[in-house]
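Next come the chains, spelled out residue by residue.
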Amino acid sequence: MFKIYKGDDVVVEGESPLTITGINPNANVAAGEYQVVRVEDDRESERVDIPAFNTLPIAVTGVTLSPKTSNAEAETAGTRQLTAAVAPSNATNKSVSYAIAPTTSGLSVNNSGLISWSEVVAAGTYTTTVTTADGAKKDTHVLTLTEPVSEEGE
């Protein structure tokens, strides 16, 4: 049987392999912060420092954009703010990037998910894709710019 100590406290004991819980994900743990002893006949061996280690990060499992679709009139400048929700909410790396297609003069999306278009952008559908830095998970938003409605008598 083995025991793992942190200072004077036993954090886990049992047969090998043992798992230390309660450490933040993606953390650096210094050599000697934890020690291990072997227990035989209720006697503990000398404490041995556990080498430095890194805990595992919490991986991204998905991303969801909202809203999923937007509509506006062409020939009128405008913006739409998209929100990316990375799952799980406690993922270590929540970084995302945005791209919009087709590439069109006067149409862009910034790294905060704000789509902007000028009055020169033609009617059509434009797809924004969000991609997570961790795991390359993706979701999309479709912006539809419609032909302006002409008023009678013009």
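What this report covers is the structure whose coordinates are included nearby. (Residues numbered from 1 in each chain as written. Predicted model: local features only at pLDDT ≥ 70, side-chain atom pairs only at ≥ 80, totals over all residues. Heavy atoms only, no water.)

### Section: the packing of aromatic side chains
Filter applied, for reference: Each aromatic pair joins two rings of Phe, Tyr and Trp (for Trp, the six-membered one) with centres within 6.5 Å, and gets the label stacked for planes under 30 degrees apart, edge-to-face for over 60, and tilted for any other angle. Whether a charge sits over a ring depends on NZ of Lys or CZ of Arg being within 6 Å of the ring centre and within 35 degrees of the ring normal.
One pass over the structure, following the stated rule, counts 1 aromatic pair. Positioned over the ring face of Y5 is R47, at 3.7 Å from the centre of the ring.

### Observations concerning the nonpolar core
Soluble globular proteins: nonpolar side chains tend toward being buried together. Under the convention used in this document: For this analysis, a nonpolar core means a set of buried residues of the types Ala, Val, Leu, Ile, Met, Phe, Trp, Tyr and Cys, connected via side-chain atoms within 4.5 Å. Under the scheme applied here, a residue whose accessible area is under 20% of the maximum for its type counts as buried, over 50% as exposed, and between as partly exposed, the area being computed with a 1.4 Å probe on protein chains only. Segments assigned H or I by DSSP are reported as helices when at least four residues long, segments assigned E as strands when at least two residues long, and all are numbered from the N terminus. The contact rule is simple, with two residues in contact once any of their heavy atoms fall within 4.5 Å.
Ranked by size, the top nonpolar core spans 19 residues in total, and within it L107, I115, W117 and L145 carry the most contacts. Broken down by secondary-structure element, the contributors of at least two residues to this core are strand 8 (62–66), strand 12 (96–101), strand 13 (107–109), strand 14 (114–117), strand 15 (124–132) and strand 16 (138–146). Residues contacting I115, with those up to four places away along its chain left out, are G78, T79, R80, L82, I100, L107, S108, V109, T128, H141 and L143. The next biggest cluster of nonpolar side chains, apart from the first, holds 5 residues, and it includes V12, V29, Y34 and I50.

### Let's talk about the pattern of salt bridges
Put simply, the test is: Note on definitions: salt bridges are taken to be side-chain nitrogens of Lys or Arg within 4 Å of carboxyl oxygens of Asp or Glu.
Overall, the coordinates contain 4 salt bridges when judged by the stated rule. A salt bridge links K6 to E33; its shortest N-O distance comes to 3.3 Å. Of the two residues, K6 sits in strand 1 (residues 2–6) while E33 sits in the loop between strand 3 (28–29) and strand 4 (35–40), which places them 27 residues apart along the sequence. Judged by its relative accessible area of 36%, K6 falls in the partly exposed class. The salt bridge involving K68 is made with D139; its shortest N-O contact spans 2.5 Å. In this pair, K68 is assigned in the loop between strand 8 and strand 9 (69–73) and D139 in strand 16, connecting sequence segments 71 residues apart. K68 gets classed as partly exposed once you look at its relative accessible area, which sits at 42%. Classification of D139 by relative accessible area gives buried; the value is 14%.

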